[in-house]
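# Coordinates in review
Residues per chain are reported as follows:
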Amino acid sequence: MAERIGFIGMGIMGVPMALNLVRAGFDVIVTNRSPDKCAPLAEAGAEVAESPEDLARKASVIITMLTGPHAVDHMLFGEDGAAANLNAQSLVINMSSVPPSYSSDLARRIGNYRAGFLDAPVSGSKKPAEDGTLVILAGGEAEHLERARPYFDAMGKATIHCGPAGAGSHMKMSINLLLGSMLAGLAEMLAFGEKGGLSRDAMLDVVLAGPLSNELFAMKREMLEQGEYPPQFPAKHMAKDLKYALDTAHELGAWAPATHLAAQLYRMLVAGGRGDEDFAAVFDVLHGPV
Ligand code: NAP
């Protein structure tokens, strides 16, 4: 029998991901801390739950796509939280970006209800979420992954099993460590070149024509040329993820010097009141006053 999917978190990512589940024909029920953000899903035919607790009563697969640990704890274990209705038939899939140590602990806490658990954060931002081309980084047991695979296939173009619970989150922190430094590097190049009179346009032409070209730089080109940064991946989330990556590096005894520098740049953006802009705004930190 087809399962009912409960989706918690109607943010930049959650709305298009849940819409893709509806479009693929799955029976979806949603909820969000701010209920008005459920409107696009209601229009698409999904039921809107009164609370996470109500959602977990009606759905056996529960997906969370929320800011971070505080939000996930609130929606699962807070007042009217989903955990009240978890049981041995439930599968909880946390797709939010969180520290690996939090994911391992969450697997244990969900296990106390005899429910299954996957951590499955994503690589890709707003556009891949809309296009259903995210890359899903899954941690947990293979049998849970097979149960979730049809849902992942509706939201992404690839699912990679990274290892046990926590491994998906560790992969996500590893990817974002690279992402943060890559964009800071491009921003530094553009700011450096402009000081010497090079045009931003010509520099982007050169980067995108040669061996340093990649989808990320191509995607950010328009923002960097126009100096306007509508959020796809907000700078506040990059600052959060780099903090988690640095905390994890500390726990594991790994070196992450480039990430230390990149983290400071994104923190400066957030401190300047620009945390809701796309993280490509890091260019303004390097180019001139925030
Ligand atoms: P977002 O637009 O900022 O949405 C955040 C969601 O979390 C909203 O549903 C928000 O509810 C909820 N939330 C925040 N604090 C909460 C709390 N204390 N209690 C309950 N709910 C709370 O974020 P997003 O861009 O969709 O990102 C979601 C997750 O995906 C994050 O972990 C992010 O790092 C990760 N991610 C994002 C991207 C991207 O490009 N945007 C890419 C990959 C991964 P309200 O609507 O009520 O505020």
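Everything numeric here is computed off the predicted structure, so don't read it as measured data.

Annotation of the protein at the domain level lists domain 1 (4-164) and domain 2 (171-287). Summing both partners gives a buried area of about 1,200 Å² for domain 1 against domain 2, and 69% of it is carried by carbon and sulfur. Where domain 1 packs against domain 2, one counts three residue pairs in polar contact (both at pLDDT 80 or more). Listing elements by their share of the side of domain 1 that touches domain 2, those giving two or more residues are α5 (100-111) and β7 (122-123). Among the residues forming the side of domain 1 that touches domain 2, the class breakdown is nine nonpolar, six polar and one charged.

On to the packing of aromatic side chains, then. Following the criterion strictly, the structure yields three aromatic pairs and no others. Summarising the aromatic geometry, the rings of Y266 and F279 are spaced 6.1 Å apart at their centres and angled 45° between planes, so their arrangement reads as tilted. Taken together, the positions of Y266 in helix α12 (residues 257-271) and F279 in the loop between α12 and α13 (282-287) put the pair 13 residues apart, joining distant regions of the chain. Of the two residues examined, Y266 and F279, each falls in the buried class. Each member of the aromatic cluster is reached from another via a ring pair, and the members are F233, Y266 and F279.

UniProt annotation of "domain: 3-hydroxyisobutyrate dehydrogenase-like NAD-binding" (unreviewed entry) refers to residues 166-285 when read in the numbering used here. Between the end C-alpha atoms of residues 166-285 the distance is 33 Å, and the span holds 73% helix and 0% strand.

This paragraph deals with the site of the ligand. Neighbouring the ligand are 29 residues; N32, S34, K37, S125 and Q232 lie closest to it. Contacts to the ligand include K240, whose side-chain N or O atom sits 3.0 Å from an oxygen atom. Its free accessible area being 910 Å², the ligand has 91% of it covered by the protein chains. Contributing elements (two or more residues each) for the shell around the ligand: α4 (69-77) and α11 (235-252). Looking at the shell around the ligand element by element, the count peaks at four residues for α4. The residue inventory of the shell around the ligand, partitioned by class, reads 10 nonpolar, 13 polar and six charged. Taken domain by domain, the shell around the ligand gets at least three of its residues from each of domain 1 (4-164) and domain 2 (171-287).

Right, let's get into the packing of helix α9 (residues 200-209) against helix α10 (residues 215-226). The interhelical angle for the contact between α9 and α10, taken along N-to-C directions, is 180°, at an axis separation of 11 Å. When the interaxial angle is binned, α9 and α10 end up roughly antiparallel. Of the residues in α10, those touching α9 at R200, D201, L204, D205, V207 and L208 are F217, A218, R221, L224 and E225. Across the contact of α9 with α10, the residue classes tally to six nonpolar, no polar and five charged.

Moving on, we come to the side chain of S103. Inspection of the secondary structure assignment puts S103 in helix α5. Note on S103: relative accessible area 0%, which makes it buried. Once you skip the residues sitting within four places of it in the chain, S103 turns out to touch V98, F117, D119, G166 and S169.

Moving on, we come to unusual backbone geometry. Although it is not a glycine, D80 adopts a positive phi angle of roughly 60°. By the element assignment, D80 lies in the loop between α4 and β5 (91-94). Phi is positive for R114, close to 65°, though the residue is something other than glycine. Judged by its relative accessible area of 62%, R114 is exposed.

Let us look at the pairing of strand β8 (residues 134-140). Across the seven residues of β8, seven count as buried, placing the element largely inside the fold. Burial of β8 is two-sided: the residues L134, I136, A138 and G140 facing one way and the residues V135, L137 and G139 facing the other way are all buried. Pairing geometry for strand β6 (residues 116-119) and β8, over two bridges, is antiparallel. Within β8, the residue paired with D119 across the bridge is G139. Where β8 meets strand β9 (residues 156-163), six bridges bridge the pair, whose relative direction is parallel. Residue L137 lies in a different strand from β9, and its bridge partner there is I160. After leaving β8, the chain enters helix α7 (residues 142-155) and then returns to the sheet as β9, a path that is right-handed.

Definitions and limits used
Residues numbered from 1 in each chain as written. Predicted model: local features only at pLDDT ≥ 70, side-chain atom pairs only at ≥ 80, totals over all residues. Heavy atoms only, no water. Domains from an automatic or database assignment. Buried area = accessible area lost by both parts, 1.4 Å probe. Polar contact = N/O pair within 3.5 Å; in protein donor to acceptor, adjacent residues only side chain to side chain. Helix = DSSP H or I, 4+ residues; strand = E, 2+ residues; numbered from the N terminus. Nonpolar A, V, L, I, M, F, W, Y, C, P; charged D, E, K, R; others polar. Phe/Tyr/Trp six-rings, centres within 6.5 Å; stacked < 30°, edge-to-face > 60°. Buried < 20%, exposed > 50% of the residue type's maximum accessible area, 1.4 Å probe, protein only. UniProt positions renumbered as here; feature names shortened; annotations may be inferred. Near = heavy atom within 4 Å. Areas by Shrake-Rupley, 256 points an atom, 1.4 Å probe, with all protein chains shown as cover. Axes fitted to C-alpha atoms, helices over the stretch in contact; angles between N-to-C directions. Parallel < 35°, antiparallel > 145°, perpendicular 65-115°, else oblique. Contact = heavy atoms within 4.5 Å. Pairing = 2+ DSSP bridges. Right-handed = clockwise from strand over helix to strand, strands pointing away.

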